[in-house]
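Listed below, chain by chain, are the residues.
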Amino acid sequence: MTALASSLRGTFPVLGTLSRGHPMIYLDSAATAQKPQAVIDAMTRFYTQDYGTIHRGVYQVSERATLAWDAARERVAHFLTAATADEVVFVRGTTEAINLVAESFLKPRIKPGATVLVTEMEHHANIVPWQLAGAKTVPIPISDTGELDLVAAERLLAAGCEMLAVCHVSNALGTINPVVELCRMAKRHGVPVLIDGAQAAPHLCIDVQAIGCDFYCFSGHKVYGPTGIGALWAKREHLAKMPPYQGGGDMIDLVTFEGTTYAPAPRKFEAGTPHIAGAIGLEAALRWLDALDRVALRREEEELLAFGTGLLAEVPGLRLIGSAREKAGILTFVIEGVHPHDIASILDHDGVCIRAGHHCTQPLHRRLGVQSTARASLALYSTRDDLEKLAHGLVKIQRMFN
Amino acid sequence: MATSDEMYQAVIIEHARSPRNYKPLVTPTHHCDGRNPLCGDEVSLDLTVDAEGRITDIGFQGQGCAISKASASMMTAAIKGKTVPEARELFERFHALVTGEPTDEKALGKLVAFKGVAAYPMRVKCATMGWHVMMEALDENREKRPNGSEQ
C-alpha cells in the first residue's frame, strides 16, 4: 500500500464497509468514485443548517446558498485553470455538457450531415449528442495499443469538419490523448474542439488555457463529488454567442408575452433551480483534492498501474486491452474462455467490485473485435492489496472455467 | 472450484463449457433472436413443433455469459419432447425459482441449479434470456425462420 493511499483510505467511509460479507475492494472508480467524508459533511451541513435556494431570497440561508453556489463556480474555474468563473456553466454532468454544446453551439452552425470528428475510443456520450444535432460522426482511428493515429487525424481535419470532439482520457483503454497537439492541429484548420474530461479530471491536473480547447467538461461524481452535478467550461466568446439550451427561471433578463431577453452567460444556460447541494459537494471535493499533492498522487497511480499490469500479465489466458504509453489507472482485459460478466460476478462474491460490459464504448469494442471486456479502474484510495486480491480472484476464475 | 459461489454450480459451468443442442435447425417451425442491449448478449433459437404441439427438436446459438449460456442449454434439454403448454408451465416455474418466488422445485429437476441466481437480481435477465426468446418464438408462431436457407 502506498503511503498516500493508506492515509486517504480512512476518509472514505464506504471503503470500511462489507460487500457480500467481505471487506469491499472497490475497483470501479472510472464509473463513479467513492466520496470522502469532507464531501458528505459539506452536503449534510448544507441540508441541515444552510438550506435555501439561490439568487431569489433576501433571507440568510438563501444568501448563504447563493454565496456557496458562486464559490463552487470559482472553485471549478480554479480546478480547470480557467481565466474566469464566468466561463463555467453548471450542468448535470459530462453528458449534459456535450448535449448542450451539440444543441446550442454546433446545431445552429451546421447543415444536416456535416461532419463531427470523434475517435474510435469515444464514449457514447461523445458520439450520440452530435448525431442528435444532425451531424455525421467520423472517427479518428486508433492503433492496436489504443493510441490515436495523429497522421489520420491531420488528414481528417484537412478534409473538413465542423468540430473535433475527443476524450482527454479513454474510459475503456486508459489512454491519455495528446490534447494539446490535437487542439493545435484543429486550430490550424479552424476547427473548434470539445474535450471530454470525464476520466481526466480525477487523474490529471487540468489547464484548459494550456490545452487550447474551446470546450472542456467533466462530471462531479468521478472526482469524488456527488452525482447530478458537473461543469462545462467554454471560451467566453462562444458562450456569448450561443443561444440558451433550456428556458425557465433564473436564465432570463426580462420576460414578456411578446418575447424574452436572457441573462448573460453562464446563467443563460442554467434554467431552473439547480442542484445546489451538488455544487456544494463538488466544491468540497475539489477543495479536498486541492489540498493533496496531486503530482505525487499521479506518480503513485503510475506505479500502481505498472504493478497491476504486471500482476494481470501473470494470470493465465488474460489479455490486457489498452497499452498506450501515456495511460491513466484503467486495466481493461479479457480472459480466454470466460465471459466478462462471469468474471465480474464471481469477483463480486468476494467483495471485489469491477465492471464488465462494453463500458458505453460499443464502437471501440467492435474495433477491437471483442463483444465485451472486464475493467478494473483505480482511484487515489486504490492499493496494491486491492490489485493482489483482484489477481488472486482472476486466477481462481480462470481455473474454474478452463 | 469455489464452493461458495452458489450461482456458479458445477452443472452450470459444465453446460456453459459444452452447451447442449448448440446448433441451428435445418427446418425449424419457429425461430426467434434475442438481444440484451445492456450487456450485448445474443441468443438465436430454433424450434420444431409437430402437429400435436410437441417440441420435437430445439437448437440455440449465441454469445453470452456462463449463466445465460448454461440456462439456454439446460432449457433446451428440459423442454425437448414437451408440449408447448408444458414448456410454458416450466418457464413459469423457472422464472419463480430465479426471482425467489415459491415454486415446486422437484418439478424443475436439474434446473434447480439456478436457484442461487435469486440472490443476484442483476443476473436474473441472464438466466431467463433463453427462456424469454423461446416464449417469444412460440408466441409469434412463425412458420419458417425468416433468414432460413429456403428463402
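Residues numbered from 1 in each chain as written. Chains lettered and ligands numbered in written order. Predicted model: local features only at pLDDT ≥ 70, side-chain atom pairs only at ≥ 80, totals over all residues. Heavy atoms only, no water.

### Notes on the overall build of chain A
Our working definition: Strands here are runs of E lasting at least two residues and helices are runs of H or I lasting at least four, both read from the DSSP assignment and numbered beginning at the N terminus. A radius of gyration in this sense is built from C-alpha atoms; the matching globule rule multiplies 2.2 Å by the number of residues raised to 0.38. Only protein chains enter the accessibility calculation, which uses a 1.4 Å probe. A residue is then buried if its area is under 20% of the maximum for its type, exposed if over 50%, and partly exposed in between. Should any heavy atoms of two residues lie within 4.5 Å, those residues are counted as being in contact. Each accessible area is a Shrake-Rupley result for a 1.4 Å probe, and residues are judged covered by the shown protein chains and nothing else. Under this rule, positive means Lys or Arg and negative means Asp or Glu; His and the chain ends count for nothing. Just so you know, the charge point we use is NZ for Lys, CZ for Arg, CG for Asp and CD for Glu.
Regarding its fold elements, chain A presents 14 helices and 17 strands. Relative to its length of 402 residues, chain A is compact, with a C-alpha radius of gyration of 22 Å against a globular reference of 21 Å. Overall, chain A is about 70 × 55 × 35 Å in size when its C-alpha atoms are taken along their principal axes. Counting every position in chain A, which comprises 402 residues, the buried fraction comes to 59%. Contacts spanning at least 24 positions in sequence make up 69% of the contacts within chain A whose residues lie at least 6 apart. For chain A, the accessible surface area stands at approximately 16,000 Å², while carbon and sulfur atoms represent 54% of it. In chain A, 38 side chains carry a positive charge and 42 a negative one; their mean positions are 3 Å apart.

### Thoughts on the domain arrangement of chain A
Residues and elements named next belong to chain A. What counts, and what does not: Each domain span listed reflects an automatic or database assignment of domains. The term buried area means the drop in 1.4 Å probe accessible area that two parts suffer when joined, counted for both and summed. The salt bridge criterion pairs a side-chain nitrogen of Lys or Arg with a carboxyl oxygen of Asp or Glu, the two atoms within 4 Å. The definition of a polar contact used here is a pair of N or O atoms within 3.5 Å, where within protein one atom must be able to donate a hydrogen and the other to accept one, and adjacent residues in sequence count solely through side-chain atom pairs.
Taken domain by domain, chain A consists of domain 1 (3–29 + 293–401) and domain 2 (40–290). One C-alpha centre belongs to domain 1, the other to domain 2, and the line joining them spans 28 Å. Between domain 1 and domain 2, a total of about 2,700 Å² is buried, with carbon and sulfur atoms accounting for 57% of that surface. Linking domain 1 to domain 2 there are 3 salt bridges. Between R325 and E147 there is a salt bridge whose closest N-O contact spans 2.5 Å. Between domain 1 and domain 2 we count 19 residue pairs in polar contact (both at pLDDT 80 or more) in total. Every element with two or more residues in the side of domain 1 that touches domain 2 is listed here: α11 (294–313), β14 (330–335) and α13 (362–368). With 5 residues, α13 is the single largest residue contributor to the side of domain 1 that touches domain 2.

### Here we look at α11(A)
In an α-helix there are 3.6 residues to a turn, and that puts residues three or four apart on one side. We count it as follows: Expected span of a helix: the number of residues minus one, times 1.5 Å.
The end-to-end C-alpha distance of α11(A) is 28 Å, a good match for the 28 Å that 20 residues give at a rise of 1.5 Å each. Within α11(A), burial applies to A:R294, A:A296, A:L297, A:R298, A:E300, A:E301, A:L304, A:L305, A:F307, A:G308, A:L311 and A:L312.

### With respect to empty space enclosed by the protein
Residues and elements named next belong to chain A. Where we set the bar: Think of a 1 Å grid over just the protein atoms. A cavity is a set of points where a 1.4 Å probe fits yet cannot get out, a pocket is an open set with protein on both sides within 12 Å along at least five of seven lines, and lining residues have an atom within 4 Å of a point. Grid points are joined across faces, edges and corners, and a volume is the space filled by probe spheres set on the points. When residue character is reported, Ala, Val, Leu, Ile, Met, Phe, Trp, Tyr, Cys and Pro are called nonpolar, Asp, Glu, Lys and Arg charged, and the others, Gly included, polar.
All chains considered together, the criterion is met by 3 cavities of 30 Å³ or more. Roughly 90 Å³ of internal volume is contained in the largest cavity. What lines the largest cavity is simply P202, H203, Y224, L289, R294, L297, R298, E301, A379 and L380. When residues of the lining of the largest cavity are assigned to their parent elements, the largest contribution, 4 residues, is made by α11. Here the lining of the largest cavity gathers at least three residues from each of two domains, domain 1 (3–29 + 293–401) and domain 2 (40–290). For the lining of the second largest cavity, the element with the highest residue contribution is α11, accounting for 4 residues. Residues of the lining of the second largest cavity, tallied by class, amount to 6 nonpolar, 2 polar and 2 charged.

### Observations regarding the packing of helix α3 (residues 60–79) of chain A against helix α10 (residues 276–290) of chain A
Residue and element names in this part refer to chain A. Stated precisely, the cut-off is as follows: In this analysis an axis means a line fitted to C-alpha atoms, helices contributing only their contacting stretch, and an angle means the value between N-to-C directions, from 0 to 180 degrees. Each angle gets one of four labels, with under 35 degrees taken as roughly parallel, over 145 as roughly antiparallel, 65 to 115 as roughly perpendicular, and the rest as oblique. In this scheme the handedness of a crossing depends on how the near helix is turned from the far one: anticlockwise by less than a right angle means left-handed, clockwise means right-handed.
For the pair α3 and α10, the least separation of the axes is 9 Å and the interaxial angle reads 45°. One way to sum up the angle between α3 and α10 is to call them oblique. In this structure, α3 crosses over α10, and the sense of that crossing is left-handed. Of α10, the residues touching α3 (which contributes A65, A68, W69, A71, A72, R75, V76, H78 and F79) are I276, A279, I280, L282, E283, L286, R287, L289 and D290. Across the contact of α3 with α10, the residue classes tally to 13 nonpolar, 1 polar and 4 charged.

### Comments concerning the sheet that holds strand β3 (residues 55–63) of chain B
Residue and element names in this part refer to chain B. Put simply, the rule reads: In this analysis, strands are considered paired if DSSP registers two or more bridges between them.
Spatial ordering of the open sheet is given by β1-β2-β3, a layout of 3 strands whose pairing is antiparallel. Of all the strands in the sheet, the pair left with one neighbour each is β1 (30–36) and β3. Direction aside, neighbouring strands of the sheet carry axes that sit 15° apart on average. On top of the sheet, helix α2 (residues 66–79) reaches β2 (41–49) and β3; it is set at about 175° to β3, its chief contact.

### Some points on helix α1 (residues 10–17) of chain B
The condition is simple: In this description, one arc is meant: the one made by directions from the helix axis to the C-beta atoms.
Where α1(B) is concerned, the buried positions are B:I12, B:I13, B:H15 and B:A16. On an axial view of α1(B), the arc spanned by its buried residues comes to 165°, and they lie on one face. Of the surrounding elements, those touching the buried residues of α1(B) are α14 (384–401) of chain A together with α2 of chain B.

### Considerations on the side chain of A:D348
With respect to the helices and strands, the residue A:D348 is situated in helix α12 (residues 340–349). A polar atom in the side chain of A:D348 sits 2.7 Å from the side chain of A:R20. With sequence-adjacent residues up to four places away left out, A:D348 is seen in contact with A:S19, A:R20 and B:Y120.

### Topic: the sheet that holds β14(A)
Residue and element names in this part refer to chain A. If you walk across this open sheet you meet the 4 strands as β13-β14-β17-β16, and the pairing is antiparallel. Edge strands, defined here as strands with exactly one partner in the open sheet, are β13 (318–321) and β16 (355–357). Within the sheet, the average angular offset between the axes of one strand and its neighbour, ignoring direction, is 30°. Bridge analysis of β16 against strand β17 (residues 373–377) gives 3 bridges, and the strand direction is antiparallel. For R355, the partnering residue across the bridge sits in β17 and is R375. In this fold α11 packs onto β13 and β14, with an angle of close to 5° to the strand it touches most, β14. Contacts between α14 and the sheet are confined to β13, β14 and β17, with β14 contributing the most and set at about 10° to the helix.

### Some remarks on the pattern of salt bridges
All names here are of chain A. Counted according to the given criterion, the structure contains 28 salt bridges over all chains. Linking D50 and R64 is a salt bridge whose minimum nitrogen-to-oxygen distance equals 2.8 Å. With D50 in helix α2 (residues 37–50) and R64 in helix α3, the pair connects residues that are 14 residues apart, well separated along the chain. What makes R64 partly exposed here is its relative accessible area of 36%. Among the charged side chains, a salt-bridge network with shared partners connects R75, E283, R287 and D290.

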